[in-house]
Amino acid sequence: MLGWFKNKSSDDLDLPEGSEQKVQATEEPVKEAPKSILHEDVGVLFKRLTRGESLVQKGQEGEEPVEQAEKSILHEDVGVLFKRLTKGLEKTRGNLVVRVDELFLGKKVIDPELLDDLEEILITADLGVETTMALVDDARDKVSRKELSDPQVLKTVLKEKIKEFLLSSDKPAELVMPEEGPFVIMVVGVNGVGKTTSIGKIANKFVNAGQKVLLVAGDTFRAAAVEQLKIWGQRINVPVIAQEAGADPSSVVFDGIEYAVKRDFDVVIVDTAGRLHTKVNLMEELKKIKRVMGKKISDAPHEIMLVIDATTGQNGISQAREFSKAVDITGLTLTKLDGTAKGGIVVNICREFDIPIRFIGIGEQMDDLRDFDPEEFAEALFGSDIDQ
């Protein structure tokens, strides 16, 4: 396993002055592996860690693998999980797939009216204008060149192209992991997107994978945000570093990172204020927080995750653009996909950005924040209509 993802002893936790926390339960120590792996694909890393998989280096003989945590999501029936994903995408499927099926039902020829109706369906499903035009214009070109004439073939080609866009996102950037110290995740997003809840669920994934996790309440603009993070800390039994409302966010983050380094934590997840992406001064505060992290730990934060509410549709695309300009977003979490018919935003994001989608939220349960798997998502969305 990676040296910096080893279990550490849980001694008495001495918090920085003015900070609060919930004590983490004592865990059995796990044998430490040599710190020989400095590069790991971050997408693969997330999937391996949050699913409780062993982190033994490939080809390394004689190393005893770490046992999977008893509460690993892998212990739940895969069929049950897939059914929950399929159910969570019901509204999107009805707004996109079912409407496309109905449009092509009984059609014998591909005419301009059919293509115009298809364009309207794709746009209202929130695939976005550019993605929609890429799909429809490609169809028009093939029709004009006599390469395509059967509406049923067009429907199949359309769904395959959408699946291709989804799969194009499966290109996680390589990340240089710290030789020592914790893996730091900075979470950003506007108010109301489910950011703090996502933090709690992501932290729970790491806890179930056997990692020692620390939460840092960097959103000091709202007292409710601090309290909400503390509640999550209690629920999943991890410490929370927090100060009073109105405190300097960078100061809280500085204390949290310093505490994590001294106490040998594996993962630090930092909440930040739900700032509007149009507010320049608040975006500057994010940049400051990022600089503070980098001063305490080289190359931190190692992941900057933007949380987007899928129900906001194309406004989420604007958020991704603006936040990326400020702090170089490295991963996305899409929440509330079960509550919207605008799930086409997933296709649009996959096509338009090089930023990988890490997680998708499809319900209220703890395990309903799912690792994003493009293949699985496409299968749940289209079912047996697409060849696997």
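**Things to note about the confidence of the model for the protein**
In step 1: Averaged over every residue, the pLDDT of the protein is 78; the share at 70 or more is 74%.
In step 2: Low pLDDT, under 50, characterises residues 1-13; the stretch is placed with 58 contacts to residues that sit more than four places away or in other chains.
In step 3: In this model, residues 20-40 is a region of pLDDT below 50 whose contacts with residues beyond four sequence positions or in other chains number 67 contacts.

**Here's the deal with the packing of helix H3 (residues 90-104) against helix H6 (residues 151-168)**
In step 1: Remark: H3 packs on H6, axes separated minimally by 10 Å, with the N-to-C direction vectors making an angle of 160°. It follows that H3 is roughly antiparallel to H6 by the angle criterion. Judged by the twist between their axes, the crossing of H3 over H6 is right-handed. Here Val 97, Val 100, Asp 101 and Phe 104 of H3 come into contact with H6, specifically with Pro 151, Gln 152, Leu 154, Lys 155, Leu 158 and Lys 159.
In step 2: The class makeup of the residues in the contact of H3 with H6 is six nonpolar, one polar and three charged.

**Notes on the sheet that holds strand E5 (residues 240-241)**
In step 1: Read from one edge of the open sheet, eight strands run E5-E4-E6-E3-E7-E8-E9-E10, paired in mixed fashion. Pairing within the sheet leaves two strands with one partner each, and these edge strands are E5 and strand E10 (369-371).
In step 2: Of the strand pairs in this sheet, strand E3 (residues 183-188) and strand E7 (residues 303-309) are connected by four bridges, and their pairing is parallel. Note on E7: the bridge partner recorded for Met 186 is Ile 304.
In step 3: Set on the sheet, helix H9 (residues 249-262) makes contact with E3, strand E4 (213-217), E5 and strand E6 (267-271); between it and E4 the angle comes to about 165°.

**Notes on the pattern of salt bridges**
In step 1: The full count for this structure, using the stated rule, is 22 salt bridges.
In step 2: One salt bridge connects Arg 140 with Asp 137, and the closest N-O pair in it is separated by 3.4 Å. With Arg 140 and Asp 137 both in helix H5 (residues 129-144) and three residues apart, the pair spans about one turn of that helix.
In step 3: A residue is classified by how much of its surface remains accessible, and Arg 140, at 27% relative accessible area, is partly exposed.
In step 4: In this structure, a network of salt bridges that share partners links the residues Asp 116, Glu 119, Asp 137 and Arg 140.

**Some thoughts on the nonpolar core**
In step 1: Core analysis: the largest hydrophobic core is formed by 101 residues, its most contacted members being Ile 269 and Val 346.
In step 2: For this core, the element with the most residues is E3, which contributes six residues.

**Quick word on H6**
In step 1: When the terminal C-alpha atoms of H6 are compared, their 26 Å separation across 18 residues agrees well with the 26 Å that a helix rising 1.5 Å per residue should span.
In step 2: Those residues of H6 lying buried are Pro 151, Leu 154, Lys 155, Leu 158, Lys 159, Ile 162, Lys 163, Phe 165 and Leu 166.
In step 3: In this structure, the buried side of H6 is in contact with H3, helix H4 (112-124), H5, helix H12 (345-352) and helix H13 (374-382).
In step 4: Looking at where H6 begins, the residue whose side-chain oxygen comes 2.9 Å from the main-chain nitrogen of Gln 152 is Asp 150.

**Some thoughts on the side chain of Asp 266**
In step 1: Among the structural elements, Asp 266 can be located in the loop between H9 and E6.
In step 2: By relative accessible area, which is 0% here, Asp 266 ends up buried.
In step 3: A distance of 2.7 Å separates the side chain of Asp 266 from the backbone nitrogen of Lys 212, its partner in a polar contact.

Thresholds applied
Residues numbered from 1 in each chain as written. Predicted model: local features only at pLDDT ≥ 70, side-chain atom pairs only at ≥ 80, totals over all residues. Heavy atoms only, no water. pLDDT = per-residue confidence, 0-100. Contact = heavy atoms within 4.5 Å. Axes fitted to C-alpha atoms, helices over the stretch in contact; angles between N-to-C directions. Helix = DSSP H or I, 4+ residues; strand = E, 2+ residues; numbered from the N terminus. Parallel < 35°, antiparallel > 145°, perpendicular 65-115°, else oblique. Left-handed = near helix turned anticlockwise from the far one by under 90°. Nonpolar A, V, L, I, M, F, W, Y, C, P; charged D, E, K, R; others polar. Pairing = 2+ DSSP bridges. Salt bridge = Lys/Arg side-chain N within 4 Å of Asp/Glu carboxyl O. Buried < 20%, exposed > 50% of the residue type's maximum accessible area, 1.4 Å probe, protein only. Core = buried A, V, L, I, M, F, W, Y, C linked by side-chain atoms within 4.5 Å. Expected span 1.5 Å × (residues − 1). Polar contact = N/O pair within 3.5 Å; in protein donor to acceptor, adjacent residues only side chain to side chain.

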